[in-house]
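Overview (structure and organization)
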Amino acid sequence: MHELSLAESMIEQLAEALKSESSPVTRIEKIDLEIGSMSGVEKDAFEFVFPFAAEGTVAEGAQLTFREVELQVKCMDCGSVTSPEYPFVSCVSCGSSKTDILQGKDFKILQMEVS
Amino acid sequence: MCEDCGCMEGNEKAFSEMANGDHSHEHGHEHGHEHGHGHSHGHSHSHTSTPGEIHIHIHLDSGMAGASVHVHTHDGLSGSHHEQPHAHPHGHAHSHEHFHGEEAHSHGHVHTHDHGHNHDFAHAHVGDGQHHHSADGHIHAHAHLSDGAHDHVHVHPHGDEGELPSEQRRSRTIALETSVLASNDAKAKQNREWLKARGVVAVNLISSPGSGKTYLLEKTLEALEGKIKCAVITGDMQTDNDARRMMGKGARVVQIETRSACHLDAMQIAERLAEVVDAGVKLLFIENVGNLVCPAAFDLGEQEKIALVSVAEGEDKPVKYPVLFHGAGVTVITKTDLAPHLDVDIGKYKESVRKVQPGARIIEVSAKTGAGMADWLNYLHRIVTGL
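Residues numbered from 1 in each chain as written. Chains lettered and ligands numbered in written order. Predicted model: local features only at pLDDT ≥ 70, side-chain atom pairs only at ≥ 80, totals over all residues. Heavy atoms only, no water.

Examining the interface of chain B and chain A
Worth spelling out the cut-off: Any two residues whose heavy atoms approach within 4.5 Å at even a single point are treated as in contact. Two parts placed together each lose some accessible area under a 1.4 Å probe, and adding up what both lose gives the buried area. One side-chain nitrogen of Lys or Arg within 4 Å of one carboxyl oxygen of Asp or Glu is enough to make a salt bridge. Polar contact criterion, stated in full: a pair of N or O atoms within 3.5 Å, where within protein one must be able to donate a hydrogen and the other to accept it, and residues adjacent in sequence count only if both atoms are side-chain atoms. Each helix is a run of DSSP H or I of at least 4 residues and each strand a run of E of at least 2, with the numbering of both proceeding from the N terminus. Here the nonpolar group is Ala, Val, Leu, Ile, Met, Phe, Trp, Tyr, Cys and Pro; Asp, Glu, Lys and Arg are the charged ones; every other residue, Gly included, is treated as polar. For two strands to pair, DSSP has to find at least two bridges joining them.
Taken together, the contact pairs 38 residues of chain B with 39 residues of chain A. Its largest share of buried area at the contact with chain A, chain B owes to R172(B), I174(B) and V180(B), together 22% of the area lost on that side. Where chain B packs against chain A, one counts two salt bridges. Two residues, R172(B) and E21(A), come together in a salt bridge whose shortest N-O distance is 3.0 Å. At the junction of chain B with chain A, the criterion picks out 15 residue pairs in polar contact (both at pLDDT 80 or more). Among the elements of the structure, β11 (172-179), α2 (182-197), α7 (322-327) and α9 (346-356) of chain B are those that each provide at least two residues to the side of chain B that touches chain A. Residue classes in the side of chain B that touches chain A are distributed as 21 nonpolar, 12 polar and five charged. Pairing between strand β6 (residues 107-114) of chain A and β11(B): six bridges, direction antiparallel.

Remarks on helix α10 (residues 373-385) of chain B
All names here are of chain B. Worth spelling out the cut-off: Under the convention used throughout, the expected extent of a helix is 1.5 Å for every residue step, that is, one less than its residue count. Categorising residues by exposure relies on relative accessible area from a 1.4 Å probe, with only protein chains included: less than 20% of the type maximum marks a residue as buried, more than 50% marks it as exposed, and the intermediate range marks it as partly exposed. The arc refers to the directions leading from the helix axis to the C-beta atoms.
Over its 13 residues, α10 runs 18 Å from end to end, which matches the ideal 18 Å to within 8%, given 1.5 Å per residue. Residues M373, W376, L377, Y379, L380 and I383 constitute the buried set of α10. For α10, the buried positions fall inside an angular range of 155° around the axis, keeping them on one side. On its buried face, α10 sits against β12 (201-207), α3 (213-224), β15 (283-287), β16 (304-310), β17 (330-334) and β18 (361-364). Just beyond α10, the residue with positive phi is G386, at close to 75°.

Concerning helix α5 (residues 266-276) of chain B
Residues and elements named next belong to chain B. Taken as a whole, α5 has its buried residues at A266, Q268, I269, L273 and V276. Projection of α5 onto a plane perpendicular to its axis shows the buried side chains occupying an angular sector of 135°, all on one side. Turned more than 90 degrees off the buried face of α5, the exposed positions are E271 and A274. The inward-facing, buried residues of α5 contact α2, β13 (230-236), β14 (252-257) and β15. One side-chain oxygen of the residue at the start of α5 lies 3.0 Å from the amide nitrogen of M267, identifying that residue as D265.

None of this, on its own, says anything about what the molecule does.
Okay, here's the thing in structure tokens:
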């Protein structure tokens, strides 16, 4: 359950980002996140632990939205960009195992809505 | 002026500035007004009004490049006032107003238009978050301030992007585009630089509990004593049993008890580095908390991430826990001496690893019998010497 650590880390980062805001922020209303299928983060677990991490912070009560990003690889042999069925990383077009992951590994904070 | 809904006369000027396109409001009641432009709110909302309550929807041009303001206000007879300004960073303006008659009613309306911008994200509102309006005097507001960093949110093929004057903001959006793990990653980078500056290679050993990490390390430290100076940071939720087992083999050993945490993070490593890495250390083993999931997400500043899986765990474990086995450049298959007793095929373990990490180096080892230890030690020697 590293999602709790991630939620705490996220809130710390958001609070840090708010320090540079010119007008005061009393609360974070919404946090938009991007979650890759290979990020190792369980969306449900993150949603479950977030309220515990957010309690008593500026993010308490914030709504979370998730943009789910599927795995996408570029083949080093045939050049195709395909989306293998997670968790496999081989090229869907030619079957080559020499691929670079283009997306699907990240867990990112896109933006937050504050008031 | 709109006969049905009471749109203000001033609208005509605003409408004449509109780009082409349609704008219709699908209200639950008929009041039939249209204006000649399009805009889209990626939401619909409904409100319930009391007799005589006034709902005003005003869309103002802020006068700033590319920014306009849309304000919805709702005034109840009781003196309640609802206001819902929101801004879209594109350059058009319009206003319309409509008055409700004596009859109590509710209506939902949806704005649609076709001039090419989308709002993909739900809007949050101060209030109940559901975008309902009732005569309870609440105010909710939302704003979109584009700084160009969130292209996935709004697509505006027309007009420039701008920011609202602060007095028109009620809530605002701050774009971040950072990894949730950014602070851990920054600390891991510091660790990596600290180690590199001292010529130390760090390896992060990750496996499930009971795969044989500690025993392999005991045998490794014994084999390397006097050849490569090693240090060990070992993480467990409780006890210093592992540290005790590895002491007295020529390496400094530090135990991190993570208590409730299921993984080590870069901050914990940073706190102990100076203590464990003394002069002459070339190889730092970080034995992570036994767990195939969580430790995989945290960069500690290591040079190599090494996954271990024992032959007793099941051939498909690498496919079941792909984040770890994909992220590890090396997978060590441990306890190979048990294979004949367990009816397992080590070849299937390898296939499974290569499905999620085709380029993985796979080392088979039995720390108990010593089979494969030479391969493991050779590998360690190579990463330390850089050969």
